[in-house]
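What follows is the residue order along each chain.
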Amino acid sequence: MTKKYIKPLILLTLTGVILLVTSCKQAPVSQAPYQALIITGQNNHTWQGSSPILKKILENSDLFSVDIIQSPEAKADMSGFKPVFSNYDVVVLDYNGDAWTAETKKAFEEYVSQGGGVVSYHAADNSFRDWKEYNKMTGLGGWGNRNETDGPFIHWKDGAFIRDSTTPGIGGYHGAQQAYQVTARDTVHPIMKGLPTVWKHAKDELYSQLRGPAENLTILATAWSDSAKGGSNRNEPVLMTVTYGKGRIFHTVLGHAMGDSAYPSMECVGFIFTLQRGAEWAATGQVTLPVPDDFPHFNTESKWPQFRPLTLDEILANLKDYHPGDTRTNLQDLTNYIRKNYDSGEKYARVESELLRFLEGTGSIDAKNYICRELSIFGTDKALPVLKKLQKKEETKEMARMAIERITTQYTNE
Amino acid sequence: MKHKTYTEMSEPKRIGRRIFVRKVAVGTGAAMALPYIIPSSAMGRDGKVAPSDRIVMGLIGAGSQGTGDMHNFMSKPEVQMVAACDVDKTHRDAIKAAIDGKYGTSDARTYSDYREFLANEKPDAVILALPDQWHAIIAIACANAKLDIYGEKPLSRTIWEGKKIVEAVEKNGVIWQTGSWQRSEAHFHRACELVINGRIGKVRFVEVGLPNGNPATISHPVQPVPEGLDWDMWLGPAPSVPYRGVCHWDWRWILDYSGGQLTDWAGHHIDIAHWGLGLERTGPVEVSGSGVFPREGIFDVPVEYSLHATYANELVMYFANERQLPHGMGVCWYGDNGWIHVDRGNRLFASDPKILEEKIGDNETRLYVSNDHFQNLLDCVRSRKETITPCQVAHRSISTALLGEIAMLTGRKIQWNPDTQEIINDPVASRLLRRPFRSPWKLEGN
């Protein structure tokens, strides 16, 4: 891996305090193509936890360099809060708090209507009930005394979206947190292309019965809000896009973050990857990010605790003490890594030399045997000398022999 | 245990002889009809079938499936069960008690090693109900011993092993029935005849729902091998590992022995899908898809899988764990004029119920009829005709699933030549067509 380096960003906050935000970039030379701004500082959630994670997620896509701007505290003077939206390709809203000044609101409306990108993350759609244009950007919102005057309820039923403008009632609530399935309702949208139709999201809140103007709204995915868990018994929108003038908004209700502990909803590869793609689409109107191998499956969660796939070094370090019965996550990470980097060329050659170094190191026998199995599928002649050494050792001889046999035997029709 | 020698078994009281079977080879050569000694019990208390007309059978692999199969055969008056083989003494004791109990005797013979079974026993037919890693070695040894075979599905653990079984069965001219018993159920047969005769029009897509995998996350610490279990022999050609309590039944969740629910059930629902489409003796040209492998515990077979197989006629089969499919378990063919869905429990549905009333005329394609899967083998042992699920057909259902397994394990789209049975231009994926055996195990003749 390339050496990481620290790039300090200096941001002036309203109060004049200098906030140092560190930016961990994997590639020191290449500049990320797009600029993103995260707006935070007031929220009924732990924004101090979520905003740095959002920053990592965006940076880890290798598409964005990210600034964070922190608003004044609640009830403080907002008059100096004037982010320069137009410096950015996408503005990510992790903000649910006091009203912005008329000047700042107008600047934001102009930024979006003239083609700016926006990501509305989780409780951002709780914010600004009284700001009509903002609600047009998020499409649907909740809480803040929203009711039938704010717009229809929308849910999916029998193959179509139901737009319910007649039923009165408050907009926005949720049942108990749980892991739940997300179901694609638009499989051709660039953000959704190639994703499983149904995938398991990690433990999260599920916003239910949101309401809003819902103009120019495309609902990409829904989730079943189960009444047994205090939900609405409806298929509720969870991923959406909205257009506002020339601007594009990606709206995710996922990613609840509260307290100091880990946030499983934000570690979910489904949350991370749809956020990355959503931000790319909001910024550019296109999506280039390929679906990761370990995207959650129909009924299987998948997490990136580092908010990115692990490096080979990290995977091998995690694998060092593997014994049967331990978690197989590290084994699966290794398998996925090898597959992704198998190119019968230089990329795989580097992977294989790392694997061979591991085989000659001090890792557990079971970890080595697992790597021998992988080499039995992907290994090349270059692996043979090390495998032959392992074949001489009692505890690795069988798996080494299996790898040697597969590498050296051409399958024929005999 | 002490094994009876052939001489001991040839005591004068053991009269009768092996049923006269003309083993006219399908391929080459004709097998001898060997004289055989039937134990005294064969005189038969019910006396319905003369001893000389009975089909003498043995069992290799006396776990739950093998025991069930044996009882099904033993319920036929024409069958004489004489011996069983298992690496676990608990199984041997139970199976001996079952056979002796059935005949009211005490002379059922048991073996712990199939080689001793084959050296001492010369039954007409044998039931094979083994963990998959053993299928090819023992099936080929039995075929070479000229025994007719009722073999449990899936046919083999790898495609290469399946090919070798087919070759041995053809070379020796033995009769093979696969445990794909759904073929002998009327509603599966009916569904397939409706589909193959175009009652839903041209079929372009078929969904096959197989059971969901359930990863067990309980710990499996190394533990003493239970008394009476020959663990090394149970493993056979699979890698040597310490005993962790994963043996009978739970072997199905470890890739060294099985491909999990996918390969377990391919011989049922993929087989039925093939049957209804006339694809039972060929295979796909491309297989791709993905699986989810457990992240906890020691089991490593996929717990979710989602695979597509494309056939030369551009038909696509989607096979996946059933929770991902609209019709759930079973087979659903989609034709230009409707769909038909069939599953166990006499479940047969169509887009329009009138489709299910359709008559199939005598001039149309009529599929093989069997209303009793076990009787079908016995009938074919006598007639020397092909069973309803010969190994050539079973080989094609499991091959499709195994290509899916290779696609999942390599993360690659597999191009397949169903005629030469080779993966095209992919030496890495081709490695998984066979599996190195632990020394000293190998297939007879290879």
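What about the overall build of chain A?
Move 1: Looking only at helices and strands, one finds eleven helices and 15 strands in chain A.
Move 2: Taking all 414 residues of chain A together, 56% fall into the buried category.
Move 3: Here the contacts in chain A between residues at least 6 apart in sequence split such that 66% fall between residues at least 24 apart.
Move 4: When the accessible surface of chain A is summed, it comes to about 17700 Å², and 51% of that surface belongs to carbon and sulfur atoms.
Move 5: Averaging the coordinates of the 45 positive side-chain charges in chain A and doing the same for the 48 negative ones gives two points 2 Å apart.

Digging into the domain arrangement of chain A
Move 1: Looking at chain A, the domain boundaries give domain 1 (11-284) and domain 2 (312-413).
Move 2: The straight-line distance from the C-alpha centre of domain 1 of chain A to that of domain 2 of chain A is 42 Å.

Section: the nonpolar core
Move 1: Judged by nonpolar contacts, the single largest core of 144 residues is most densely connected at A:Leu334, B:Ile60, B:Tyr114, B:Trp333 and B:Ile340.
Move 2: The leading source of residues in this core is helix 11 (residues 391-410) of chain B, at ten residues.
Move 3: For B:Ile340, the residues in contact, after removing those within four places along its chain, are B:Ala191, B:Leu194, B:Val195, B:Ile200, B:Val331, B:Cys332, B:Trp333, B:Leu348, B:Phe349, B:Ala350 and B:Ile355.
Move 4: Core analysis: the next-biggest nonpolar cluster, separate from the first, contains 56 residues, A:Ala36, A:Tyr121, A:Trp281 and A:Leu289 among them.

Details of the sheet that holds strand 12 (residues 338-343) of chain B
All names here are of chain B.
Move 1: Strand order in this open sheet of nine strands is 13-12-11-7-10-9-8-14-15, and the pairing throughout is mixed. Taken across any chain shown, the strands that pair with only one partner, and hence form the sheet edges, are strand 13 (347-350) and strand 15 (422-423).
Move 2: In this sheet, strand 14 (residues 414-417) lies alongside strand 8 (residues 286-292) in antiparallel orientation, the contact comprising two bridges. Bridged to Val-287 within strand 14 is Ile-414.

The rules we used
Residues numbered from 1 in each chain as written. Chains lettered and ligands numbered in written order. Predicted model: local features only at pLDDT ≥ 70, side-chain atom pairs only at ≥ 80, totals over all residues. Heavy atoms only, no water. Helix = DSSP H or I, 4+ residues; strand = E, 2+ residues; numbered from the N terminus. Buried < 20%, exposed > 50% of the residue type's maximum accessible area, 1.4 Å probe, protein only. Contact = heavy atoms within 4.5 Å. Areas by Shrake-Rupley, 256 points an atom, 1.4 Å probe, with all protein chains shown as cover. Lys, Arg positive; Asp, Glu negative; His and termini not counted. Charge placed at Lys NZ, Arg CZ, Asp CG, Glu CD. Domains from an automatic or database assignment. Core = buried A, V, L, I, M, F, W, Y, C linked by side-chain atoms within 4.5 Å. Pairing = 2+ DSSP bridges.

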